[in-house]
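# A closer look at the structure
One letter stands for each residue in the lines below.
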Amino acid sequence: MSLLVIAELTGKEHSNVVVDINKLLKAVRLEAPEFSRLFKMPSGQTANVYYLDKELTITLISGYRWQELEAANQKPALPDFSDPIAMAELYITNEKDSLRLEVQQQVHEKGCGLITLEITV
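About the criteria used
- Residues numbered from 1 in each chain as written.
- Predicted model: local features only at pLDDT ≥ 70, side-chain atom pairs only at ≥ 80, totals over all residues.
- Heavy atoms only, no water.
- Helix = DSSP H or I, 4+ residues; strand = E, 2+ residues; numbered from the N terminus.
- Buried < 20%, exposed > 50% of the residue type's maximum accessible area, 1.4 Å probe, protein only.
- Contact = heavy atoms within 4.5 Å.
- Areas by Shrake-Rupley, 256 points an atom, 1.4 Å probe, with all protein chains shown as cover.
- Pairing = 2+ DSSP bridges.
- Salt bridge = Lys/Arg side-chain N within 4 Å of Asp/Glu carboxyl O.
- Patch = residues over 30% accessible without salt bridge, like charges linked within 9 Å, V, L, I, M, F, W, Y side chains within 5 Å.

## Re the overall build of the protein
Each helix and strand counted, the protein has four helices and two strands in total. Reading the protein from its N terminus to its C terminus gives the helix and strand order α-α-β-β-α-α. In the protein, buried positions account for 15% of the 121 residues. Taking contacts inside the protein between residues at least 6 apart in sequence as the whole, the part at least 24 apart equals 44%. Here the protein has roughly 9,800 Å² of accessible surface; of this, 55% comes from carbon and sulfur atoms.

What follows is the structure, encoded as structure tokens:
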């Protein structure tokens, strides 16, 4: 994924993402030039743009998410295991998500057209 896409997805300034990419590459002992390519800007100028592989992209974006959670001092809320209604709702939600993913996978594998799936309980 390119530096430009990462910056757009995360809402970060390009220059800050460049700094973070350089830190990441240094931390994992990789050379920055291996991940940069010349990119022609609409203005006609060229610039070096980083392109990270999937693993490095996930690492960088996960780091951003981690920082957001720390900044917000949020901890994932655990369900109230003593509340049977809350547990039933959690179970139903998980089952719906599981069924939806299963149907999407079958549609993808069989090359079917668009399917709208509505699950009611």
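## Some points on the pairing of strand β1 (residues 36–40)
Across the five residues that make up β1, only a small minority, zero, are buried. In the sheet, β1 pairs with strand β2 (residues 46–50) via five bridges, with the strands oriented antiparallel. Within the sheet, the bridge partner assigned to L38 lies in β2 and is N48. Hairpin remark: β1 followed by β2, antiparallel, with five residues in the connecting loop; positive phi at G44, about 100°.

## With respect to the pattern of salt bridges
Inspection of the entire model under this criterion finds one salt bridge. E68 is paired through a salt bridge with R65; the nearest N and O atoms lie 3.0 Å apart. Linking E68 with R65, this pair stays in helix α3 (residues 54–72), spanning three residues, or about one helical turn. With a relative accessible area of 40%, E68 lands in the partly exposed category. Residue class for R65 comes out partly exposed when judged on its relative accessible area of 43%.

## Things to note about a nonpolar patch on the surface
Where nonpolar side chains cluster on the molecular surface, the patch consists of M1, V5 and L9 and spans about 270 Å² of accessible area. For L9, the location among the structural elements is in helix α1 (residues 3–10). Take L9: its relative accessible area is 58%, and that puts it in the exposed class.

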